[in-house]
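# Observations on the three-dimensional arrangement
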Amino acid sequence: MLGIIDYGMGNLFSVSKALERLDVPYFISDDKEELMEADALILPGVGAFKDAMSCLNDTGLSAMICSYVESGRPLLGICLGMQLLFEESEEHGLTKGLSLLPGRVVRFSGKTANGEAYKVPHMGWNLLSFQKNGLLTENLQDDYAYFVHSYYAQTEEDVIIAKSIYDKEVPAVVGKDNVYGMQFHPEKSSKLGMQLLNNFTQLIKKG
Amino acid sequence: MLTKRIIPCLDVKDGRVVKGVQFVQLRDAGDPVELARFYDEQGADELVFLDISASHEGRKTMVDVVKEVASELAIPFTVGGGINTLDDMKKTLRAGADKVSLNTAAVTNPNLIAEGANFFGSQCIVVAIDAKFDQEINTWRVFTHGGRKATDRDVISWAKEAVTLGAGEILLTSMDSDGEKKGFDLALTKAVSEAVTVPVIASGGAGNAEHFADVFFEEGKADAALAASIFHYKETSVHEVKEYLKERGVLVR
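Residues numbered from 1 in each chain as written. Chains lettered and ligands numbered in written order. Predicted model: local features only at pLDDT ≥ 70, side-chain atom pairs only at ≥ 80, totals over all residues. Heavy atoms only, no water.

The name an unreviewed UniProt entry assigns to chain B is Imidazole glycerol phosphate synthase subunit HisF, from the organism Niallia nealsonii. Under the UniProt heading Function (unreviewed entry), the note attached to chain B is "IGPS catalyzes the conversion of PRFAR and glutamine to IGP, AICAR and glutamate. The HisF subunit catalyzes the cyclization activity that produces IGP and AICAR from PRFAR using the ammonia provided by the HisH subunit." (UniProt positions renumbered as here; feature names shortened; annotations may be inferred.)

In the nomenclature of an unreviewed UniProt entry, chain A corresponds to Imidazole glycerol phosphate synthase subunit HisH from the organism Niallia nealsonii. Among the UniProt annotations of chain A, the heading Function (unreviewed entry) holds the following wording: "IGPS catalyzes the conversion of PRFAR and glutamine to IGP, AICAR and glutamate. The HisH subunit catalyzes the hydrolysis of glutamine to glutamate and ammonia as part of the synthesis of IGP and AICAR. The resulting ammonia molecule is channeled to the active site of HisF." In the Subunit (unreviewed entry) part of its UniProt record, chain A is described as follows: "Heterodimer of HisH and HisF."

This paragraph deals with the UniProt feature "active site" (unreviewed entry) in chain B. Residues and elements named next belong to chain B. In the UniProt entry, the feature "active site" (unreviewed entry) is given for Asp 11 and Asp 130. By the secondary structure assignment, Asp 11 is in strand E1 (residues 5–13). Here Asp 130 shows up in strand E6 (residues 125–134). The residues touching Asp 130, leaving out its near neighbours within four places in the chain, are Asn 103, Arg 141, Val 142, Phe 143, Gly 146, Gly 147, Thr 173 and Met 175. (Helix = DSSP H or I, 4+ residues; strand = E, 2+ residues; numbered from the N terminus. Contact = heavy atoms within 4.5 Å.)

This part takes up the nonpolar core. All names here are of chain B. Judged by nonpolar contacts, the single largest core of 81 residues is most densely connected at Phe 49, Ile 170 and Phe 212. Looking at which element gives the most residues to this core, the answer is helix H6 (residues 155–165), with six residues. Sequence-distant contacts of Phe 212, that is, excluding residues within four places in its chain, are made with Ile 6, Phe 184, Ala 206, Ala 225, Ala 227, Ile 230, Phe 231, Val 241 and Leu 245. (Core = buried A, V, L, I, M, F, W, Y, C linked by side-chain atoms within 4.5 Å. Buried < 20%, exposed > 50% of the residue type's maximum accessible area, 1.4 Å probe, protein only.)

This brings us to the UniProt feature "active site" (unreviewed entry) in chain A. All names here are of chain A. In the numbering used here, UniProt assigns the feature "active site" (unreviewed entry) to Cys 79, His 185 and Glu 187. Of the residues just listed, which span 109 residues, no C-alpha pair is farther apart than 10.8 Å, and they cluster in one region. Along the chain, His 185 falls in the loop between strand E14 (179–182) and helix H6 (190–206). Polar side-chain contacts of Glu 187 include one of 2.9 Å to the side chain of His 185. (Polar contact = N/O pair within 3.5 Å; in protein donor to acceptor, adjacent residues only side chain to side chain.)

All names here are of chain A. Overall, mixed pairing links the eight strands, which are arranged E2-E1-E3-E4-E14-E13-E12-E9 in an open sheet. Across the chains shown, the open sheet's two edge strands, defined by having one partner strand only, are strand E2 (26–29) and strand E9 (129–130). Helix-sheet contacts for helix H1 (residues 12–21) involve strand E1 (2–5), E2, strand E3 (40–43) and strand E4 (75–78), and the interaxial angle to E1 is about 170°. Along the sheet, helix H4 (residues 61–70) contacts E1, E3, E4 and E14; its crossing angle with E3, the most-contacted strand, is approximately 140°. (Pairing = 2+ DSSP bridges. Axes fitted to C-alpha atoms, helices over the stretch in contact; angles between N-to-C directions.)

Next up on the list: the confidence of the model for chain B. Regions with low pLDDT carry predicted coordinates that are not meant to be interpreted in detail. The predicted model of chain B has a mean per-residue pLDDT of 93, with 96% of residues at 70 or higher. In the predicted complex, the global pTM is 0.93; the interface-specific ipTM is 0.91. (pLDDT = per-residue confidence, 0-100.)

Below you can see the structure in the form of structure tokens.
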């Protein structure tokens, strides 16, 4: 069964409803032992990086997530949950992340290279362009996804599965081994979002 | 690149969509979930539900509507109307809404914006502003209580203040244009959009697809546009508007 990590910062309702629509059995928990038994984990998240890391560290969930990943089973971080997978974020002062993926989370500057202002947060539907093929992106074509975020990940090219353009190149789907992240909200991204979530849940069967 | 958003707005009273929605092909034109699904299939990028219930029971019913919409649909939606406290925000967002929209309550108690943004993040907090041009002060004035009450605030400085307090988006309704179907208030939309760093949703005055193009281009600079009656009365559809916008070179989903 798929486990959704409840650490007080998530948009648990829409993620769980999306799984119900896909007929994927799941449970929501903040219990480390229970989560450790899951076939796959989802780390959701809405809010600030620093608060989220404090919650994860105080409850010991950080350490649990890291040992879960070592076991080889799939983990998916969504939105803030994806940002937490990286080494650090500059939101509200430099904060250390889970360091499961290489890179740093930085804020959109709000100014283009030519000095023109653009809106922050990056809010709305943006085109995903897939960079490589894999189990997660099977049978998918470039389509739009719903983003809401003010910070984005700066990471290594080989971690990026799909990107979008918003002034900068924004890593939209990232992945390395069994650790995956989506910067947009798949549960709010209509057909493409549901397909991506479905592909993630297929990883359980494929091991 | 980010696309421009088209947002149908539905008025909900005691759990039912009201205000002349004409959809003969639906089993029940008053069912919020059925209408939400209809607009989703047409390509709506987002939905706004405005709760116009006057009673406590009606408000409680709204939470059930929110839950049901969130269960059925995979597109984002905002709930406004009657959200006065942090507790109202919690109930609505935990029921599955993506954003809450504050109007009168934000003007009466601006700190509510900061409270909401600190608790849920700015991306959840939309500040709705009802604006009407006032010749005396030669700018737009903020109105509250569904447009019935004039305040002493001007729209541009209130929009800026709301964003400083933590608003993640501004839903800007022109009372001068609303219901006229002669197009969005471009000067107002542009002035607010240039004054703030967050996305601005233009509202009030949409009469045809061309009006959407106007408000997205240089004349209006809006990030999203909201309309109710032209979609409800099927004068046009979200799909038609988007096809037209594509022809005009506006990026839409």
